[in-house]
Amino acid sequence: MSRILVTGGAGFIGSNFVRMVLAEHPEVFIANLDKLTYAGNLENLAGFLDHSNHKFIKGDICDGRLVEQIIDEHRIDTIINFAAESHVDRSITGAKIFIETNVTGTLTLLEAARDKDLERFIQVSTDEVYGELGPEGKFTEQTPLSPNSPYSASKAAADHLVEAFGHTWGVKYNITRCSNNYGPYQFPEKLIPLMINNALNDKELPVYGDGLYVRDWLYVYDHCTAVWRVLQKAPPGEIYNIGGCSEKANLDVIDLILKRLDKPKSLIKHVKDRPGHDRRYAIDADKIITDLAWQPSLSFEEGINRTIDWYINNQDWLGSVVSGDYQKYYEQMYKDR
Ligand code: NAD
Ligand code: DAU
């Protein structure tokens with residue numbers, strides 16, 4: 001039986017990953033370590049919180065003693081690190097926590113993986129470590145790291161640490177670098193759920209700058225299957241880009257959401273741009289497709305329809321995560337724009 005420590009498993013991608021693994025791989029045990037920041041919610045664990053192969057532990061990945069205790073108590077053989085501060089805008093207004101969690105936290109997990117001689121350490125990274133693209137080309141695994149935001153700089157620092165632990169101490173690792181995810185349980189500070197939530201409530205849709213920034217979208221379930229495939233099939237020391245081959249300008253994504261919700265384009269409001277805003281990301285995912293036989297299962301059109309339906313049908317969830325601090329955050333983030 002594989003016994004995995006998943007970190008950040010109460011967040012968007014982590015909770016989708018744990019749900020998928022528990023449903024599809026009954027031989028796996030998961031210890032789920034999450035600090036429950038504003039982005040982590042026990043509501044995201046609906047349907048599996050009390051699963052017999054799942055143990056939720058509230059705690060910080062920077063707490064080395066706790067991490068070692070979990071590894072010993074649950075006979076963990078693998079760490080998959082999803083835990084992070086993940087929002088670029090928040091890293092611009094306050095970078096320190098990004099360094100603590102994304103860099104020091106990853107370091108703490110690596111030390112535990114080394115000292116406990118774990119079978120595998122998987123670092124869930126991002127395509128943003130590569131910087132930005134012009135109108136042509138795609139990121140490959142050979143693209144030099146050139147992060148532009150405090151968020152992506154902290155993720156790149158973590159990637160370097162992972163490779164350094166592999167090189168220096170033989171920690172058996174993989175790094176995955178995925179493009180923009182969307183789907184159920186994404187916190188509504190990110191583009192797609194924010195626009196769905198605002199449109200459902202007939203609120204303005206704040207589009208940064210000209211709205212022609214391009215992202216390569218992947219449905220969250222497909223990111224989860226890719227990480228699982230890496231765990232099952234990848235040799236240690238390999239890095240994999242993951243992407244949906246689905247580049248869209250932000251305004252085109254918003255247009256689809258408005259049409260599906262039958263809301264007017266007049267809700268769109270162009271606002272002041274994000275400082276240092278990366279113009280375009282696009283992923284060359286040939287390596288994982290060819291070497292590990294992974295494929296995304298959904299087109300963007302299928303995925304976005306499923307996602308919009310999920311948010312329509314889960315307005316209680318939306319209501320609970322946007323209460324309290326979210327309103328303060330929203331007013332602060334968008335007041336001068
Ligand atoms: P998220 O913000 O939704 O979830 C992050 C989770 O980590 C939350 O549950 C939070 O409580 C937890 N966490 C934060 N600090 C912690 C700490 N110190 N100790 C323990 N838990 C802590 O993020 P997400 O969108 O699910 O992203 C997950 C991972 O995937 C991140 O590493 C992110 O960099 C990476 N990633 C995200 C995307 C995307 O589009 N969302 C794309 C590529 C890579
Ligand atoms: O590429 C992977 C990355 O994708 C992940 O590593 C990050 O964790 C994740 O947050 C995401 O980063 P982005 O900055 O691309 O995502 P975000 O949803 O914040 O923004 C997507 C695009 O939409 C970007 O061009 C900025 C724009 N945007 C965003 C918001 C929140 C707006 O125009 N208006 C908004 O209100």
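Note that the structure is a prediction, hence the values are computed from the model and not measured.

A.B. asks: Account for the overall build of the protein, with residues named and values stated.
C.D. replies: When helices and strands are tallied, the protein shows 12 helices and 12 strands. For the protein, the C-alpha atoms occupy an extent of roughly 55 × 45 × 35 Å along the three principal directions. Within the span of the protein, comprising 337 residues, buried residues form 57% of the whole. Counted over contacts in the protein with a minimum sequence separation of 6, partners at least 24 positions apart contribute 83%. Carbon and sulfur atoms make up 49% of the accessible area of the protein, which amounts to about 13,900 Å² in all. Side chains of the protein carry 36 positive and 48 negative charges; the gap between the two charge centres is 2 Å.

A.B. asks: How would you sum up the site of ligand 2? Please name residues and give values.
C.D. replies: Around ligand 2, a shell composed of 25 residues is seen, among which Thr-126, Asp-127, Tyr-151, Arg-274 and His-277 lie nearest. A distance of 2.7 Å separates an oxygen atom of ligand 2 from a polar side-chain atom of Thr-126. Between ligand 2 and Asn-180, the relevant distance is 2.7 Å, taken from an oxygen atom to a side-chain nitrogen or oxygen of the residue. At the level of elements, helix H3 (88–93), helix H6 (191–200) and strand E8 (205–208) are the ones that each hand at least two residues to the shell around ligand 2. When residues in the shell around ligand 2 are grouped by element, the largest group, three residues, is from E8. Residues that form the shell around ligand 2 fall into these classes: 11 nonpolar, seven polar and seven charged.

A.B. asks: Can you lay out helix H5 (residues 150–169) for me, pointing to particular residues and giving the numbers?
C.D. replies: Its 20 residues give H5 an end-to-end C-alpha distance of 28 Å, which sits within 8% of 28 Å, the value for a rise of 1.5 Å per residue. For H5, the elements touching its buried residues are H3, helix H4 (96–115), strand E5 (120–126) and strand E6 (173–178).

A.B. asks: So what's going on with the pattern of salt bridges? Residues and values would help.
C.D. replies: Taken as a whole and judged by the stated rule, the model has 19 salt bridges. One salt bridge connects Lys-287 with Glu-238, and the closest N-O pair in it is separated by 2.6 Å. Of this pair, Lys-287 sits in helix H9 (residues 286–292) while Glu-238 sits in strand E10 (residues 238–242), and the two are 49 residues apart along the sequence. Here Arg-280 ties to Glu-247 by a salt bridge, and the two come within 2.8 Å at their closest N and O atoms. Separated by 33 residues along the polypeptide, Arg-280 in the loop between strand E12 (268–271) and H9 and Glu-247 in strand E11 (residues 247–249) bring together distant segments of the chain.

Scoring rules and cut-offs
Residues numbered from 1 in each chain as written. Chains lettered and ligands numbered in written order. Predicted model: local features only at pLDDT ≥ 70, side-chain atom pairs only at ≥ 80, totals over all residues. Heavy atoms only, no water. Helix = DSSP H or I, 4+ residues; strand = E, 2+ residues; numbered from the N terminus. Buried < 20%, exposed > 50% of the residue type's maximum accessible area, 1.4 Å probe, protein only. Contact = heavy atoms within 4.5 Å. Areas by Shrake-Rupley, 256 points an atom, 1.4 Å probe, with all protein chains shown as cover. Lys, Arg positive; Asp, Glu negative; His and termini not counted. Charge placed at Lys NZ, Arg CZ, Asp CG, Glu CD. Near = heavy atom within 4 Å. Polar contact = N/O pair within 3.5 Å; in protein donor to acceptor, adjacent residues only side chain to side chain. Nonpolar A, V, L, I, M, F, W, Y, C, P; charged D, E, K, R; others polar. Expected span 1.5 Å × (residues − 1). Salt bridge = Lys/Arg side-chain N within 4 Å of Asp/Glu carboxyl O.

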